[in-house]
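Residues per chain, in single letters:
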Amino acid sequence: MSGPGTAGAVDVPAAAGQAPPPTRKPRGAGRRRPRASLGARLRRDWPLLAMTAPAAALLLVFHYLPTLGNVIAFQDYNPFVGDDPVEAFLYSEWIGFGNFEALFADPLFWDAVRNTLTITAFQLVFFFPLPILLAILLNSLVSGRVRGFVQSVVYLPHFFSWVLVVTFFVQMLGGAGLLAQEMREAGLQPWNIMTNPDTFIVLVTAEAVWKDIGWGAIVFLAALAAIDPNLYEAAAADGAGRWRRMWHITLPGLRPVIVLLLIMRLGDALSVGFEQFILQREAVGRDAAEVLDTFVYYQAIATQQWGLGAAAGLFKAVVGLILILAANKLAHRLGEQGVYSKS
């Protein structure tokens, strides 16, 4: 005990078999701090809000507002009804699922879906791993100058348009291209590469690899930079070779990013591009080059069947959403966070 005038009290040990006396929490402990008002938060965070405003406006104008146009999928939409687009929405005939019935009864639609899924599966196997390998190779380069030069070279094609990419491949691999001329001079029969529907899937994958492999490696390079270098030093000190370090340190460090990008790619399983395929559709034929996006253009937009095109777009979005949710749930079962974490 403490006598009068002392600043505090001496702790008395509890007797055997007795619980210690409850300790008092300091006054105010456990209380939540009052939340700042909306005006105060706006005055505090207005620079951040100003920086994000252009991106938010871009999403609003080009993504969220056009989403309202999905109502066309359930109408026999006529843009010439009424005096403005709003009246065209209001006065067009409502036909329910009629556009979907016409879409699912069209064999050309299922041919386009089959081609799209085939190309997506092929590129998941032969294209998706390549940026990962490129990032690992670039990260293993000791010379910073060499790494910077290689990165600049492989990044550059991403900024080329598909018109330029296809033109480059025609000049290299076409019937009058450099490869064909060299084979003729050598007395060989040139290969039919640019107009062969049987190898078209390999051609478009090669074009996508040449254009986007460097750009796709950026995310994986950032993930590699976040791996602690001490892990490699400790593994090397324990006798682990280069391959073991890559298998037990590098790949586990990249796994969350790989799973995230794989889920996002599955969400775009029905979107393999438009320009690349419409530029080469006439050369190889519709049976090989018709994908869902070109189907919408030729069968809906060109024929002014707006409701049919909106139905195809809504079908693609719903399938993508289902694939994202299913893949994300599988990622949770495997112990990964995925696109969003479990609540």
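Structure first, text after, so check above.
This structure is a prediction, so every number in the text was calculated from the model and none was measured. (Residues numbered from 1 in each chain as written. Predicted model: local features only at pLDDT ≥ 70, side-chain atom pairs only at ≥ 80, totals over all residues. Heavy atoms only, no water.)

### Overview of the overall build of the protein
Point 1. Within the protein, the secondary structure is distributed over 15 helices and two strands.
Point 2. Put simply, the protein has 343 residues, and 31% of those count as buried.
Point 3. Put simply, of all contacts in the protein between residues at least 6 apart along the chain, 63% involve residues at least 24 apart.
Point 4. Accessible surface, the protein as shown: approximately 22800 Å² in total, 65% of it carbon and sulfur. (Helix = DSSP H or I, 4+ residues; strand = E, 2+ residues; numbered from the N terminus. Buried < 20%, exposed > 50% of the residue type's maximum accessible area, 1.4 Å probe, protein only. Contact = heavy atoms within 4.5 Å. Areas by Shrake-Rupley, 256 points an atom, 1.4 Å probe, with all protein chains shown as cover.)

### A short note on the pattern of salt bridges
Point 1. This model, assessed by the stated rule, comprises eight salt bridges.
Point 2. Ionic pairing is found between E290 and R281, a salt bridge with its closest N-O pair at 3.0 Å. Each member of the pair, E290 as well as R281, carries the same accessibility label: buried.
Point 3. Put simply, R286 and D287 hold a salt bridge, and the shortest N to O gap is 2.7 Å.
Point 4. One salt-bridge network, in which partners are shared between bridges, spans R281, E282 and E290. (Salt bridge = Lys/Arg side-chain N within 4 Å of Asp/Glu carboxyl O.)

### Focus on the packing of aromatic side chains
Point 1. Per the stated rule, a full pass over the model turns up 22 aromatic pairs.
Point 2. Their ring planes at 45° and their centres at 6.0 Å tell us that F104 and F109 sit as a pair that is tilted.
Point 3. The class of F104 is partly exposed, set by a relative accessible area of 35%.
Point 4. Here the aromatic cluster, defined as three or more aromatic residues joined through ring pairs, consists of F74, W94, F97, F100, F104, F109, W110, F295 and F315.
Point 5. Above the face of the W162 ring, K211 is positioned so that its terminal group lies 5.2 Å from the ring centre.
Point 6. Across the ring face of Y298, the terminal group of R281 is positioned such that the distance to the ring centre comes to 3.9 Å. (Phe/Tyr/Trp six-rings, centres within 6.5 Å; stacked < 30°, edge-to-face > 60°. Lys NZ or Arg CZ within 6 Å of the ring centre and 35° of its normal.)

Interpretation in functional terms is not warranted from these geometric data alone.
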